[in-house]
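Residue-level structural notes
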Amino acid sequence: MFNKVNSKIITWIDERFDLSPIRKLLKYKKVPDHKHSIWYYMGGVTLFLFLVQLLTGILLLLYYRPGEDSAYESVRFIVTKVKFGWLIRNVHSWSANLLVFFAFVHMFSVFFTRAYKKPREMTWISGFVLLVLTLGFGFSGYLLPWNELAFFATKVGTDIVGVLPIIGEDLKIILRGGEDVTGATLSRFFGIHVAILPAIFTVFLFFHLLFIQRQGMHEPEHFKKLPDDKKKYIPFFPDFALKDALFWLIVFNILIFLALFDPWELGLKADPFAPAPIGIKPEWYFMFMFQTLKYLPAHIFIFEGELIGILFFGICGIIWLLIPFIKMKKQNLLDKIMPIAGIIVVAYIIIMTIVGYLSS
Amino acid sequence: MKLDRRKFLNTLLGLGGVGGIFSVFYPILSFLIPPKTAEPTVNSVKAGMSKDFPSNSSNIIKFGKKPVILIKTDEGNFKAFSATCTHLDCIVQYKNDTKQIWCACHNGTYDLSGRNVSGPPPRPLEEYEVKIIKDEIVITKVS
Ligand code: HEM
Ligand code: FES
């Protein structure tokens, strides 16, 4: 009965829109099966968590009210009065963190399997933009509950922008919506968080996924070298899709576990006329940059220490973005250097993050 | 001749295009920069009675929109500084054990003359003048 209706609907659509490309995709798309196949699931789970953000974010929007006198109160209302409000907020906060985590894992797995190489340069670039936008989501979302910690972290985070030469001061004012972090900043961050970023994110996500569908999964060197009869594949549908779903389910369970047993704190309401409390820190994924800035002296030559720090991370970011285009005469040498450089980057991020938490 | 006319038209089109783009982005960019609101300039504020203010303690006073830290030293003298850390904009506090002004954000310290003595702050805190008029504390901006 259900099958019959179902196939009728599909025929109806098929007669009008020709579904053969989708049918072909489902039938012939295959995924290489080898010892590093596990990394193929990292992008998918990042996508899943984004969908969780979208759903919980839209739900939070029903009660959240931006504004100096209403933001904190409305989040408190959500977690104390609204039925399951605490759950929705905890899931949104925890999922945001898992999302950033898996986006990083995904990026580094793509890096170490060298999947960014020709012809996948644009997939790498669109992915990099998605990561930057995700960090933007995190930074703008952090302020929305208007609590003490987020208030001062945002003051510090936006004040750093001010050290940039020429455009710094204007950029800071544009970001803050004024000289100081005030209700105007909150309005801006709210708009950025719930409208501007989701819109841009969706466009880049569309292209990211489109490129992947067009080119198929990347096959690592060791796999490509195998004789054809030794290359194992699994069909995308249903085998890979089901494994994907299983992994989503596992992560979903972890997410719910965290949301239930480690509720996200709301803390005290921000007070622009109270001293900064002890323990001001950015979210963990900004910690390595924050910690680096702490080690810089107030002045390096004639420049402010922060300026050198920002320029350093800015240049590193641009190099990272352009990795697929780096060419060397001795390709072999480059292939040897890349993984080492990657390990140094990962080690730096991990060590600085740990040091940051130990020292605060 | 024919080519020249094409060149001419293309240049004209190009100029028009640049003008068009400019006339779209200029207003948008200007819109992003918030207008300066005319706020009444505050030159002095009253901060309560001197006798009610315990020695070796401090308070953050609203000086217009800016926070100012008012400190009464052990000896009973008043000091006032801008409470905005010169490092990255946090609000400082008075530590009554070390008798220093301290910023919790990155562990910056200032002495009781507002000089940055340790940590990342690059400049001293701006000092405000404190007068006691009939036992009432009055903070004024030094300009
Ligand atoms: C990449 C995706 C996203 C990330 C990383 C993210 C991150 C965050 C973070 C860290 C917070 C602060 C959580 C808290 O302390 O309560 C937050 C709050 C919020 N987000 Fe998102 N978000 C994302 C997507 C969205 C979307 C798509 C929407 C809606 C269209 C949304 C709506 C909200 C709202 C209304 C709040 C304030 C409520 C609250 O603070 O609990 N978010 N977000
Ligand atoms: S903001 Fe005060 S020490 Fe950094």
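Throughout what follows, the structure given in this document is the object of discussion. The numbering scheme is per chain: residues are counted from 1 as the chain's sequence reads. Each chain gets a letter, beginning with A, and each ligand a number, beginning with 1, in the order they are written. Restriction of local features to residues with pLDDT of at least 70 applies here, the model being predicted, together with a cutoff of 80 or more for giving and counting side-chain atom pairs; totals for whole chains, interfaces and linings are based on all residues. No hydrogens and no water enter the side-chain calculation; it runs on all heavy atoms of the structure.

The next point concerns the packing of aromatic side chains. A pair of Phe, Tyr and Trp rings is counted when the ring centres sit within 6.5 Å of each other, with Trp represented by its six-membered ring. The angle between the planes then sorts it: under 30 degrees is stacked, over 60 is edge-to-face, the rest tilted. For the coordinates displayed, the defined rule picks out 37 aromatic pairs over all chains. Here the aromatic rings of Tyr41(A) and Phe247(A) are separated by 6.4 Å at their centres, their planes lie at 70 degrees, and the arrangement is edge-to-face. Here Tyr41(A) is found in helix 3 (residues 40-61), whereas its partner Phe247(A) is found in helix 11 (residues 236-261), with 206 residues between them in sequence. Look at Tyr41(A) and you get buried, because its relative accessible area is 10%. Plain terms: the ring middles of Phe102(A) and Phe247(A) are 6.3 Å apart, the flat faces sit at 90 degrees to each other, and that makes the pair edge-to-face. Of this pair, Phe102(A) sits in helix 5 (residues 85-112) while Phe247(A) sits in helix 11, and the two are 145 residues apart along the sequence. Relative accessibility under 20% of the residue-type maximum defines a buried residue, over 50% an exposed one, and the middle range a partly exposed one, all with a 1.4 Å probe and only protein chains included. Overall, the relative accessible area of 11% leaves Phe102(A) in the buried class. Our definition puts a charge over a ring when NZ of Lys or CZ of Arg is within 6 Å of the ring centre and also within 35 degrees of the ring normal. Lying across the ring of Tyr233(A), Lys30(A) places its NZ or CZ 4.0 Å from the centre. The lysine or arginine in question, Lys95(B), covers the ring of Trp102(B), its NZ or CZ lying 4.6 Å from the ring centre. Each helix is a run of H or I in the DSSP string that is no shorter than four residues. Each strand is a run of E no shorter than two, and both are numbered from the N terminus.

We now examine the coordination of the iron atom of ligand 1. Counted as donors are N, O and S atoms no farther than 2.8 Å from the metal, or 3.2 Å for Na, K and Ca; water is not among the atoms, and sites may therefore look incomplete. The iron atom of ligand 1 binds to the protein through His92(A) (NE2) and His193(A) (NE2); the donor distances cover 2.0 to 2.1 Å. Of the residues examined, His92(A) reaches a relative accessible area of 15% and is grouped as buried.

For the rest of this paragraph, the subject is the interface of chain A and chain B. By definition in these notes, contact holds between two residues if any of their heavy atoms fall within 4.5 Å. Tallying the contact residues gives 26 residues for chain A and 25 residues for chain B. Buried area is a sum: the accessible area each of two parts loses on coming together, probed at 1.4 Å, counted once for each and added. Both faces combined, the contact of chain A with chain B buries some 2,100 Å², and carbon together with sulfur accounts for 66% of it. Of all residues in chain A, the largest losses of buried area upon contact with chain B belong to Ile174(A), Phe273(A) and Pro275(A), amounting jointly to 28% of the total for that side. Here, a salt bridge means any side-chain nitrogen of Lys or Arg that lies within 4 Å of a carboxyl oxygen of Asp or Glu. Along the contact surface separating chain A from chain B lie 3 salt bridges. Here Lys66(B) ties to Asp180(A) by a salt bridge, and the two come within 3.2 Å at their closest N and O atoms. Whenever two N or O atoms come within 3.5 Å, that pair is a polar contact, provided that in protein one can donate a hydrogen and the other can accept it, and provided that, for residues adjacent in sequence, both atoms are side-chain atoms. At the boundary of chain A with chain B, the tally comes to 7 residue pairs in polar contact (both at pLDDT 80 or more). Looking at the side of chain A that touches chain B, the elements that each hand over two or more residues are helix 7 (148-161), helix 8 (168-176) and helix 12 (287-295) of chain A. At 5 residues, helix 7 of chain A tops the list of elements feeding residues into the side of chain A that touches chain B. Looking at side-chain class alone, the side of chain A that touches chain B contains 15 nonpolar, 3 polar and 8 charged residues. When residues are grouped by polarity, Ala, Val, Leu, Ile, Met, Phe, Trp, Tyr, Cys and Pro land in nonpolar, Asp, Glu, Lys and Arg in charged, and all others, Gly among them, in polar.

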